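Breakdown of the fold
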4 protein chains.
Amino acid sequence: MKDVQNSRDHRGIEIQRVGVKEVHLPLRIVQRDGGVQSVLGNVTLSASLPRDFRGTHMSRFLEVLTRWSQEGLSSGRMKAVLAEVCDRLAARRAEMVIRFKYFLPRTAPVSRQVSFLDYDCEFAAALEGGQFTFTLGVEVPVTTLCPCSREISAVGAHNQRAVVRVRLRSRSGEYPWIEDVVELVEPRGSSEIYPLLKREDEKFVTEKAYRNPKFVEDVVRDVVLALRQDPRLTWFEVEAESYESIHNHSAFAYFKEGDGC
Amino acid sequence: MKDVQNSRDHRGIEIQRVGVKEVHLPLRIVQRDGGVQSVLGNVTLSASLPRDFRGTHMSRFLEVLTRWSQEGLSSGRMKAVLAEVCDRLAARRAEMVIRFKYFLPRTAPVSRQVSFLDYDCEFAAALEGGQFTFTLGVEVPVTTLCPCSREISAVGAHNQRAVVRVRLRSRSGEYPWIEDVVELVEPRGSSEIYPLLKREDEKFVTEKAYRNPKFVEDVVRDVVLALRQDPRLTWFEVEAESYESIHNHSAFAYFKEGDGC
Amino acid sequence: MKDVQNSRDHRGIEIQRVGVKEVHLPLRIVQRDGGVQSVLGNVTLSASLPRDFRGTHMSRFLEVLTRWSQEGLSSGRMKAVLAEVCDRLAARRAEMVIRFKYFLPRTAPVSRQVSFLDYDCEFAAALEGGQFTFTLGVEVPVTTLCPCSREISAVGAHNQRAVVRVRLRSRSGEYPWIEDVVELVEPRGSSEIYPLLKREDEKFVTEKAYRNPKFVEDVVRDVVLALRQDPRLTWFEVEAESYESIHNHSAFAYFKEGDGC
Amino acid sequence: MKDVQNSRDHRGIEIQRVGVKEVHLPLRIVQRDGGVQSVLGNVTLSASLPRDFRGTHMSRFLEVLTRWSQEGLSSGRMKAVLAEVCDRLAARRAEMVIRFKYFLPRTAPVSRQVSFLDYDCEFAAALEGGQFTFTLGVEVPVTTLCPCSREISAVGAHNQRAVVRVRLRSRSGEYPWIEDVVELVEPRGSSEIYPLLKREDEKFVTEKAYRNPKFVEDVVRDVVLALRQDPRLTWFEVEAESYESIHNHSAFAYFKEGDGC
């Protein structure tokens, strides 16, 4: 049976990424505490295509993914996946992005009731010539309460759900855990949010937010100062987006430290 | 050229709806003030398929839509579109749903500055045996401020953007305008929202919301009472959904009056 | 601490559904083979609110969900959840909708390689006065190849990914499994689809689709005939939607059997 | 009334982007033929925030947008908007991204019937120290027919809708029109797609696609070769994504020429 993909290409163009997208797959993520969490992954997996070949072999990406999806995924394991992809497809470079919801237990501040909050996360990994790059993305929902609204109003202050999106890179082999990023970001909003709050907890978070007003600019600057404390980080970006309660649009602030994107 | 669609079907099943979906098209909506607003429509158009025919003629839906999209659409005009569809496809029944963002000028409460707020709207029309049914859907964003949080907290109260979704039907030929529904719903939240607010406006809406706390249950009941004042309405449903600022999920309330869905 | 929700309401309106929406939660679904599958659930949980009460107690929905999420969910288990909700909130009626991606192993037709395909599923349950209603929804992706295009063209035929959406109800206590619905629907497209296909498999599915051309109308009618073979079913609806390869919109057909929606 | 935003900040961090997001607004886009097209815009508008200020003045973004939305937008006009933003907010840098559906008439290849196809477009502009950067993004839907499937199968070949996403930058002041990009990309798929096709047209596009099989790799390389013919371009990226008809995921290829992102 003819292998059309393998036929020689004469256009002289190496393509940086060829692969599969929107692959939904159950995955297993290694937790900081050593446990493993089953998640629903949305996966992009690609390899570079040398100039001489007409096409890649798409089925091999699925073979690799199907086999590895049973293992607990961490940055180290993703490197091994990419090494196998480079090897099987004779590629200089391979990349993999995984998006998933990750759950952490949250303890309500007064009643101490425990519930599970979802964080949108991303593992983005690239391997080229033995050089491995890993980018960790974590989105942390918080409450923001507007300092201006509080200052100028006789009573109350508008507040809303906001999300803080952090993406970061680190020196080879030393990465913070999702749990570390959540713990760093969550206290930088006006208040933490929780799935389950009893009345005494609702009083607590309402008052905490009122006493701790923050613009999106404040949230971003405070997260930046906290991230700068981690000497392992070589690059990061932070975005805070408030789903404004008095508008039908969002307010946002975005900061990046280090080169690249 | 053979007409496969026209071939005789022996499975004995009349299909209620056959047609096209996710058709994006610029449309023109008649405003209450007599003007016409250009909108981006997402259109579903279908007809029933008699049991004896294997398939419908999909291209005819696009022919009808392409021609009518130049005209100003209102409930009356949609009836004419559906009559043409029934006629051209020999169908007992035709249906059309249009979803679009509609803009209305909003005047900030103190500074009087004008900006344009977007409302997600839906026109759903059906024609069967000369009987025309029209359902108007309007989504109105508002602020809700939690009465419980305000009552139990020493300072502040959590609040958030919420959306009130109304769908309604009316006696034949007498329909409220989108503008009417917006004016009826908007004052039933804790405060109206606006794209553009100067500082003096922000103080106004913050204090108004604080003095006017509402659960989603309150919003729904107040909208229901207001809708009951309109003797033309024969069916309606109301949903209020608050994008809770202290949780990562929504609170909602839903009410329906009259039979059907 | 004052219980504002519990205060007496004088507007005289019972609200059909009050609760929470867009709650993301890891859930465990009972499989036909007796195993349990971890899924990412998107949950709506609500109860009716008697006319005399101002508000419901939203935190109780989260308490119930957090506890039950550890158990394997089936229709029987959902009835128990709803009974607890009715009990704790003194409600006449409670409802729960869960949406999740469910995975099943698919064996490629020639190479016999196994991979995991995702199906969007929905469990919708309601309990009112001891009467339990359960609606199962399953979306099955398939290929459709256009009979008209094949008939009139000298070579080839346009084809595309399509999705068949089935929702069904059954006599109390006797429900088909997700696996049953998938097995019933999947052979009714022009060809099944698979995550992982080697070249010999690709030849197989290409030729199978070409020899088995289907309009969306054909797919719907064939699924309807198959569903009518199951004497347990009391209501069902079927929609087939083709993401047309020659258009930027979808073609669809929709059929419903039985009363209600 | 106190201006909290204006208060002095001591954290020493200049923030690259502070502004508004998800602003929906009717806009007017200048067409190549000199006409103006009304579109629904989704706008992000931001400015840099100097290290000494606590916050920006969000309402000014809406003031600027509300006023400019009446004018016909082109790259030149966006430069003027950004200059005003820099001026009013004392910012070194301002950025604006507009996403919208743009419609072009398409003439069916045989019947010559005209209908309107939607293209997702993006204008992204930045102004910093008088230096203006403009990035044009256009997404063009096409059909791709798989060369491998055609080669190995006795009859037929799987095909599907695909989208080609192009983003490009050009020497200052000389930009291609959306219409130019569409005309360059559209012939590089296996076949063009159209909203409205009569039977004779369907035969034409089916046969054209079969005689013109293309991997996503082929589409990307052919678009790259065509873009290289335009001496004005200083940077571009091309992605082709096929919504595979035999899988539940996409195949894609991505190429970038020039530095930056």
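The following refers to the structure shown. Just so you know, these numbers come straight off a predicted model, no measurement behind them.

**Describing the relation of the copies chain D and chain A**
Expressed as a screw operation, the relation of chain D to chain A combines 0.0 Å of axial shift with a rotation of 180°, fitting to an RMSD of 0.0 Å. Both copies of the chain, as the preceding transformation shows, are related through a two-fold rotation axis. Proximity to the rotation axis, assessed at the C-alpha, singles out Cys261(D) in chain D; its C-alpha lies 3.6 Å from the axis. Of the interface residues in chain D, 100% have counterparts in chain A that sit at the interface too, so the contact is made through matching surfaces.

**A short note on the packing of aromatic side chains**
Across all of its chains, the model carries 24 aromatic pairs over all chains by this definition. When the ring of Phe123(B) is compared with that of Phe134(B), the centres are 5.4 Å apart and the planes differ by 65°; the resulting orientation is edge-to-face. Of the two residues, Phe123(B) sits in strand 5 (residues 114–128) while Phe134(B) sits in strand 6 (residues 131–145), which places them eleven residues apart along the sequence. Through pairs of rings, three or more aromatic residues link up here, namely Phe100(A), Tyr102(A), Phe123(A), Phe132(A), Phe134(A) and Tyr175(A). Directly above the ring of Phe252(C) sits Lys21(B), whose terminal nitrogen or CZ lies 5.3 Å from the centroid.

**Quick notes on the state of the cysteines**
Enumeration according to the criterion identifies zero disulfides over all chains in this entry. There is no disulfide at Cys146(D), and the cysteine sulfur nearest it, in Cys148(D), is 5.1 Å away.

**Quick notes on helix 6 (residues 216–227) of chain C**
Residue and element names in this part refer to chain C. In this model helix 6 runs 16 Å from its N-terminal to its C-terminal C-alpha over twelve residues, within 8% of the 16 Å that 1.5 Å per residue would give. In terms of burial, helix 6 is largely enclosed, as eleven of its twelve residues are buried. Among all positions of helix 6, only Val216, Glu217, Asp218, Val219, Val220, Arg221, Asp222, Val223, Val224, Ala226 and Leu227 are buried.

**Here's the deal with the side chain of Ser250(D)**
Locating Ser250(D) in the fold gives a position in strand 10 (residues 250–257). Ser250(D) sits in the buried class, given a relative accessible area of 2%. One polar contact links Ser250(D) to Glu241(D), side chain to side chain, over a distance of 2.7 Å. In contact with Ser250(D), not counting residues within four places along its chain, are Gly19(A), Val20(A), Lys21(A), Glu22(A), Arg161(C), Glu241(D), Ser242(D), Tyr243(D) and Glu244(D).

**Considering the relation of the copies chain A and chain B**
Mapping chain A onto chain B calls for a screw motion: a turn of 180° about the axis and a shift of 0.0 Å along it, with 0.0 Å RMSD after fitting. With an isologous cut-off of 70% or more, the 100% of interface residues of chain A that recur at the interface of chain B puts this contact in the isologous class.

**Let's talk about the interface of chain D and chain A**
Bring the parts together and some accessible area is lost; that lost area is often taken as the interface size. Facing the 57 residues of chain D at the interface are 57 residues of chain A. Sorting the residues of chain D by area buried against chain A places Lys21(D), Arg221(D) and Phe252(D) first, and these three jointly supply 18% of that buried surface. Between Lys21(D) and Glu241(A) there is a salt bridge, and its shortest N-O distance comes to 3.7 Å. Where chain D meets chain A, there are 28 residue pairs in polar contact (both at pLDDT 80 or more).

**Focus on the interface of chain A and chain B**
Contact with chain A, which involves 37 residues of that partner, is made by 38 residues of chain B. The contact between chain A and chain B buries some 3100 Å² in all, and 54% of this surface belongs to carbon and sulfur atoms. Together, Arg161(A), Ile246(A) and Asn248(A) form the three largest contributors to the area buried by chain A at its contact with chain B, with a combined 21%. The interface formed by chain A and chain B holds zero salt bridges in total. If you look at where chain A meets chain B, you find 29 residue pairs in polar contact (both at pLDDT 80 or more).

**Observations concerning the environment of Val114(B)**
All names here are of chain B. One can find valine 114 in strand 5. Given the relative accessible area of 37%, valine 114 is considered partly exposed. Separated by 83 residues in the primary sequence, valine 114 and leucine 197 have C-alpha atoms spaced 9.2 Å apart.

**Remarks on the pattern of salt bridges**
Following the criterion strictly, the structure yields 140 salt bridges over all chains and no others. Here Asp218(C) ties to Arg11(B) by a salt bridge, and the two come within 2.6 Å at their closest N and O atoms. Placement of the pair is Asp218(C) in helix 6 and Arg11(B) in the segment before strand 1 (15–30), with the two residues belonging to separate chains. Among the residues examined, Asp218(C) registers a relative accessible area of 2% and is labelled buried. Judged by relative accessible area, which is 22%, Arg11(B) ranks as partly exposed.

**Brief notes about the packing of helix 1 (residues 58–68) of chain D against helix 2 (residues 75–89) of chain D**
All names here are of chain D. For the pair helix 1 and helix 2, the least separation of the axes is 10 Å and the interaxial angle reads 150°. Classified by the interaxial angle, the pair formed by helix 1 and helix 2 is roughly antiparallel. Seen along the crossing, helix 1 lies across helix 2 with a hand that is right-handed. Contacts between helix 1 and helix 2 pair Arg60, Phe61, Glu63, Val64, Arg67 and Trp68 from the former with Arg77, Ala80, Val81, Glu84, Val85, Arg88 and Leu89 from the latter. Along the lines of polarity and charge, the residues of the contact of helix 1 with helix 2 split into seven nonpolar, no polar and six charged.

**Describing the pairing of strand 5 (residues 114–128) of chain D**
Regular strands place their side chains on alternate faces of the sheet. Residues and elements named next belong to chain D. Taking burial as the measure, the 15 residues of strand 5 include eleven buried ones, the bulk of the element. Direction of pairing for strand 4 (residues 93–107) relative to strand 5: antiparallel, over a ladder of 15 bridges. Its bridge partner being in strand 5, methionine 96 is matched across the sheet by alanine 125. Where strand 4 hands over to strand 5, the hairpin turn is made up of six residues, of which arginine 112 adopts a positive phi near 65°. Sheet analysis places strand 5 next to strand 6 (residues 131–145), joined by eight bridges and oriented antiparallel. Following the sheet pairing, glutamate 122 is matched in strand 6 by glycine 137. Two successive antiparallel strands, strand 5 and strand 6, enclose a turn made up of two residues, where glycine 129 displays a positive phi of approximately 55°.

Cut-off values and rules
Residues numbered from 1 in each chain as written. Chains lettered and ligands numbered in written order. Predicted model: local features only at pLDDT ≥ 70, side-chain atom pairs only at ≥ 80, totals over all residues. Heavy atoms only, no water. Least-squares fit on C-alpha atoms with pLDDT ≥ 70 in both. Contact = heavy atoms within 4.5 Å. Phe/Tyr/Trp six-rings, centres within 6.5 Å; stacked < 30°, edge-to-face > 60°. Helix = DSSP H or I, 4+ residues; strand = E, 2+ residues; numbered from the N terminus. Lys NZ or Arg CZ within 6 Å of the ring centre and 35° of its normal. Disulfide = S-S within 2.5 Å. Expected span 1.5 Å × (residues − 1). Buried < 20%, exposed > 50% of the residue type's maximum accessible area, 1.4 Å probe, protein only. Polar contact = N/O pair within 3.5 Å; in protein donor to acceptor, adjacent residues only side chain to side chain. Buried area = accessible area lost by both parts, 1.4 Å probe. Salt bridge = Lys/Arg side-chain N within 4 Å of Asp/Glu carboxyl O. Axes fitted to C-alpha atoms, helices over the stretch in contact; angles between N-to-C directions. Parallel < 35°, antiparallel > 145°, perpendicular 65-115°, else oblique. Left-handed = near helix turned anticlockwise from the far one by under 90°. Nonpolar A, V, L, I, M, F, W, Y, C, P; charged D, E, K, R; others polar. Pairing = 2+ DSSP bridges.

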